[in-house]
Amino acid sequence: RAWKRLRQTGGGGLVRFDSKCLHRSGPRGEAQQHGHTVTLPRFLEEPVDAYIIKSNPIKLRCQAPALQIFFKCNGEWVHQSQHMSQEHTDLQTGLKIREVMINVSRQQVEDFHGPEDYWCLCVAWSHLGTSKSRKASVRIAYLRKNFEQDPQGTEVPLSGMIVLHCRPPEGVPVAEVEWLKNEEALVSEGVADRTGDHSLVVSEAQLSDSGNYTCVASNIVAKRRSATATVVVYVNGGWSSWTDWSPCNVRCGRGVQKRSRTCTNPTPLNGGAFCEGMSVQKSTCSTLCPVDGSWSEWGEWSACTPECERQRGRECTAPEPKHGGRLCDGVALATDNCTGGLCTQNKKLLHDAKPQGVEGSSDVALYSGLAAGVVTVVLLIIAVTLYRRSQSEYGVDVIDSSALTGGFQSFSFKTSRQANPLLINPSMQPDLTVSRTYTSPMCFQDSIDKELMAEHSLLDPLPDLQVVCPHQSPSVDSLGTAERAEYRVPSHPQTFPRGLAPDYRAVGATLGRRGKTLFAPQASFTPSRQVQNATAVFGRAGGRLVVPNTGISLLVPHGGIAEDTTWEMYMIINQEDSSAVSDEESEIFLSPAVTYGPPGLDLSCPIAMTVAHCAEVAADNWTIRLKRQAQDNKWEEVMSVDEESTSCYCLLEANRCHLLLEHPGRYALFGAPMNPDAAKRLRLAVFGCPDPSSPLGFSLRVYCVDDTPNAFQEVAVGEHSRNGRLLEEPKTMLFRGTAFSLQVSIQDVPQLLWSIKPFTTCQEFSFSQVWASSRHPLQCAFLLERYSHSSSQLSCKISVRQVKGEEQILQVYTSVLENEKAVVPFFSQSDCTVTSQTGSRAFKIPLSIRQRISATFDTANAKGKDWQLLAQKLHIDRNLSYFACQESPSSVILSLWEAQHQDTGDLDSLASALEEISKVQSSRTAALSYSRDEQDSEFSDLG
């Protein structure tokens, strides 16, 4: 009846069984009471603790030799319908074994609100009574996402202790922790210890312990990774042993000796401190001067011997040789024959005699030596004089580089090529080995007297084409960069600029050598905004106008201005327009807006203007247009660079553009990207100086500007006024039109020595800020502070990258104690102030040669030589219709060549082009009208 009731109620109303209720009298009852089953049910399998993962239910299982088994969870019976049971007989004991299972869901556990975890146990019944199993708890497993404590990067010295703390996220069951080093499981045997709080401890750090460490926490639910901690094991530098003292630097007297040591014991590694103290020690020393020996006076002659000989002696004691001095030269004992009746028959000395023979021979040797010396000196003087005269014939003085005290152009004074059939004067054959190169800041050089070779032979009519190499004058590097040009000066006796030194000293420049810093201090530089214009008065002779350090220049050809007329011309870089936007939203400025004038300027031929740009033109990803600003301030298109035009001409190079213009006004290059691969060049630079608001502070300023000289010049002037120092050579990167932003971040700052202002380690410029440019240079600042005055060295990296694009690294290593004043960029020299050159000094090609070339090529002749062939050989092979509309196409082509080669100053390309034309002409003509000698004499100066 009890079992039936239990089945009907599901066990809910039955709390306890009494063994008496199950006792029956009779033989069967007695057998059961006294049989083998004399103990309570014993569980063969009890429920175990379990965790619910996500929404998957778990199974609890019980097994015992019993009549019935039921589960009770949280003090309540589980309904019989939720039980799953099965029964089998144990073959060894013959007992029936019952196995019961139930499922526990996530919802059941979440709905339970008790003082303890959700729990379940089993209750088993037999004839003798009931038994209970252990309680099994059921919990929902989870693992939080965030670590309670992430490991922090650190820098420790060699053999120091590394301690990385890690507190894993909260979870059930508790997460297990392991460490990764450089994404590989850390093997800690003999290296690292893991403490009870999951910290990683390396008691004695080695260089191999440097790396990226990650704490990994995991349980049955998930695995979590902490932030990566970078550990740097650095080595502080140590001095090596002193070397032995060097010998005294003087042979005798008071001098100096020194010894040295190196910071290699050990060498600083991974940002370790450099050795403190001196690497060289000097000490005074005294060396005894050597005393050369000298003979004393000769002694008296001895008596004449029976052999008719006499002797006399001397000693090396006046003075004696000391301290390594030389011994006396000569003999210590002299022997002479007795003559003149000094010997008697009986071998007795009759009277004394004077040593006259010896004295006479000494006088003869003395006078002979003097005469030979005089003759030698005279011959040497004659040889030197002849040598100097022979050298002066080449027109190249081999002088010290300090004689050129102005400008830093690279002048290589070389002679003309030999055996050139197109040279005007073959008799002047110089030595090709004579060459001197002088380096200096790129700017105008004053007053170089250029001989124009206006000889009668040059002024004769030009019946045939020949090559002419003119005298050369220095020109301006309008881009203001650190590039070097090579100028070749002909070997005429008067072509070497002998009068350069006074003019160059007036400029105040000196021959430059690169020092330790990237800036050359100039005391005369004033920290004000650089004037962005240039003005000069030009006449019929023409000239060149340059805005210093901006890459902007203008060439007025000879004859462009009428006779007896002068114009005051100007160029202005319009800063306020550099941030404007064209009427077409897709277009951006690729160059500064440049105005030249005056407005009423009347010229008979086009001027050549050179403008720097920042477009990457290696690939055809741009549509570039030249535009002119109208009176209503709107930009109107003049021409497209890729199209033909007769109104103006545009020669686009990698970093600049040469324009042939006829109408004054304001011009600029605009670009429209054809695809996302279109890129503009950015120039990146990092400056630094102590922070005036903090005695331990240091400020790093990173600039991202268009890669044009005038844009970087503005940065340089501003940094000069703040006493900023250029900490790394500027670098160039490509910024593409992919609509992704530009990120600037600081990395590898020594955390034990420096701190950085929070939330400033990574800064970002939007795409539109960088792509469309702006009126002011893009700048971001990083403010650092050292922990103590002893930390004088700062090393870090500045990363500038476009998202999903190119990246550039600026490596900074500087001493914060350096405080150089008046520091300016290498191209912003105070002596680069000459903005114009007029007349013949402004041109590479002398006027007479230019006129003869133009006369030869402007009109086609039977030999096929015309201006089109000249343009082809000078690689000007597009938009030839523009030159066809000019009165003198050859003259305009030469003006374009002058503008294109204003930096290099090298006439080789022109000479080579004329040589090729001459060869073509030779192949077409069966007979030449001139002899070989006449061909060799023509145009020798240009070759």
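Residues numbered from 1 in each chain as written. Predicted model: local features only at pLDDT ≥ 70, side-chain atom pairs only at ≥ 80, totals over all residues. Heavy atoms only, no water.

A few words now on the overall build of the chain. Across its full length, the chain holds 14 helices and 48 strands. Buried positions account for 45% of the 943 residues belonging to the chain. The long-range share in the chain, meaning contacts at least 24 apart out of those at least 6 apart in sequence, stands at 72%. With the model as given, the accessible surface of the chain reaches about 48,900 Å², and the carbon-plus-sulfur share is 50%. (Helix = DSSP H or I, 4+ residues; strand = E, 2+ residues; numbered from the N terminus. Buried < 20%, exposed > 50% of the residue type's maximum accessible area, 1.4 Å probe, protein only. Contact = heavy atoms within 4.5 Å. Areas by Shrake-Rupley, 256 points an atom, 1.4 Å probe, with all protein chains shown as cover.)

Glancing now at the packing of aromatic side chains. Summed over all chains, the structure comprises 18 aromatic pairs. Geometrically, the ring pair formed by F735 and F767 is stacked, given 5.6 Å between the ring centres and 25 degrees between the ring planes. Remark: F767 occurs in helix α8 (residues 767–771) and F735 occurs in strand β41 (residues 731–736); sequence separation between them is 32 residues. Both residues of the pair, F735 and F767, count as buried. Between F767 and W771, the ring centres sit 5.4 Å apart and the planes meet at 20 degrees, which makes this aromatic pair stacked. Of this pair, F767 and W771 both sit in helix α8, four residues apart, which is roughly one turn of that helix. Here W771 falls in the buried class, since its relative accessible area comes to 8%. Ring pairing ties together the aromatic residues W622, F735, F767 and W771, which thus form one cluster. (Phe/Tyr/Trp six-rings, centres within 6.5 Å; stacked < 30°, edge-to-face > 60°.)

Right, let's talk about the state of the cysteines for a bit. Tallied over the full model, the rule gives seven disulfides. With its sulfur 2.0 Å from that of its partner, C73 forms a disulfide with C120. Residues C73 and C120 are joined through a disulfide that is right-handed, its torsion about the S-S bond being 110 degrees. On the criterion of sequence distance, the pair formed by C73 in strand β3 (residues 68–73) and C120 in strand β7 (residues 118–126) is long-range, its members being 47 residues apart. Considered together, C73 and C120 belong to a single accessibility category, that of buried residues. Disulfide pairing is shown between C166 and C215; the S-S distance is 2.0 Å. In this structure, the disulfide formed by C166 and C215 twists by about -75 degrees around the S-S bond and is classed as left-handed. Taken together, the residues span a long stretch of sequence, with C166 in the loop between β11 (162–164) and β12 (171–172) and C215 in strand β17 (residues 211–218) at a distance of 49 residues. C215 carries the same exposure label as C166, and that label is buried. No disulfide involves C704; its sulfur sits 6.2 Å from that of C780, the nearest cysteine. Residue classification places C704 among the buried residues on the basis of a relative accessible area of 4%. (Disulfide = S-S within 2.5 Å.)

Attention now moves to the environment of T262. Relative to the elements of secondary structure, T262 occurs in the loop between β20 (253–260) and β21 (280–287). For T262 and W242, which are 20 residues apart along the polypeptide, the C-alpha to C-alpha distance reads 8.3 Å. In contact with T262, other than residues within four places in its own chain, are G238, W239 and S240.

Summarising burial for strand β36 (residues 656–661): six of the six residues are buried, a large majority. Here strand β32 (residues 607–612) pairs with β36 via six bridges, running antiparallel. Counterpart to V611 in the pairing with β36 is C657. Two strands pair when backbone bridges link them, and strand β35 (residues 649–652) and β36 are joined in this way by four bridges, in the antiparallel orientation. Paired with Y649 across the bridge in β36 is L660. The hairpin turn running from β35 into β36, its antiparallel successor, is three residues long. (Pairing = 2+ DSSP bridges.)

Moving on, we come to the nonpolar core. Ranked by internal contacts, the top residues of the largest apolar core, which has 65 residues, are Y596, M609, L700 and I798. Not counting chain neighbours up to four residues away, the residues in contact with M609 comprise S553, L554, M571, V594, Y596, C657, H658, L659, L661 and Y667. (Core = buried A, V, L, I, M, F, W, Y, C linked by side-chain atoms within 4.5 Å.)

Moving on: unusual backbone geometry. The omega torsion across V172 and P173 is -5 degrees, close enough to zero to call that bond cis. Looking along the chain, the bond that leaves A318 and enters P319 is cis, with omega of 0 degrees. By the element assignment, P319 lies in the loop between β22 (309–313) and β23 (333–337). Its identity is not glycine, yet E183 carries a phi of approximately 70 degrees, on the positive side. Among the secondary structure elements, E183 is positioned in the loop between β13 (176–181) and β14 (184–185). Phi is positive for N879, which is not a glycine, with a value near 55 degrees. The topology assignment puts N879 in the loop between α10 (867–873) and α11 (880–884).

A few words now on the pairing of strand β31 (residues 593–597). The side chains of a regular strand alternate, residue by residue, between the two faces of the sheet. By the criterion of burial, β31 is predominantly enclosed, with five of the five residues buried. Residues A593, T595 and G597 point to one face of β31 and V594 and Y596 to the other, with burial holding for every one of them. Pairing of strand β29 (residues 567–574) with β31 involves five bridges; the strand directions are antiparallel. Among the inter-strand pairings, N574 is bridged to a residue of β31, identified as A593.

Time to look at the sheet that holds strand β47 (residues 807–815). The strands making up a sheet associate through backbone hydrogen bonding, with each pair oriented either parallel or antiparallel. Read across the sheet, four strands follow the order β44-β42-β46-β47 without closing on themselves; strand pairing throughout is antiparallel. What marks the edges here is a single partner per strand, and that holds for β44 (762–765) and β47. Across the sheet, the axes of successive neighbouring strands diverge by a mean angle of 15 degrees, strand direction being ignored. As judged from the four bridges shared by strand β42 (residues 742–747) and β44, these two strands associate in the antiparallel manner. Of the residues in β44, the one forming a bridge with V744 is Q763. (Axes fitted to C-alpha atoms, helices over the stretch in contact; angles between N-to-C directions.)

So, on to the sheet that holds β36. Strands sit in the order β35-β36-β32-β28-β27-β48 across an open sheet of six strands; the sheet is antiparallel. Only two strands of the sheet have a single neighbouring strand rather than two, namely β35 and β48 (836–838). The average angle at which neighbouring strand axes cross in this sheet is 10 degrees, direction not considered.

Glancing now at the confidence of the model for the chain. Taken residue by residue, the chain gives an average pLDDT of 75. The fraction at 70 or more is 70%. With pLDDT under 50 throughout, residues 1–37 is counted as low confidence; its partners more than four residues away or in other chains account for 31 contacts. Per-residue pLDDT stays below 50 along residues 392–529; that stretch engages in 390 contacts with residues further than four places along the chain or on separate chains. (pLDDT = per-residue confidence, 0-100.)

Another point: a nonpolar patch on the surface. Where nonpolar side chains cluster on the molecular surface, the patch consists of V374, V375, V378, L379, I382 and L386 and spans about 560 Å² of accessible area. For V378, the location among the structural elements is in helix α4 (residues 356–392). Overall, V378 belongs to the partly exposed group, its relative accessible area being 44%. (Patch = residues over 30% accessible without salt bridge, like charges linked within 9 Å, V, L, I, M, F, W, Y side chains within 5 Å. Salt bridge = Lys/Arg side-chain N within 4 Å of Asp/Glu carboxyl O.)

Mapped onto the elements, S890 comes out in helix α12 (residues 889–900). Since its relative accessible area comes to 0%, S890 is described here as buried. In this structure the C-alpha to C-alpha distance between S890 and T859, which are 31 residues apart in sequence, comes to 9.4 Å.

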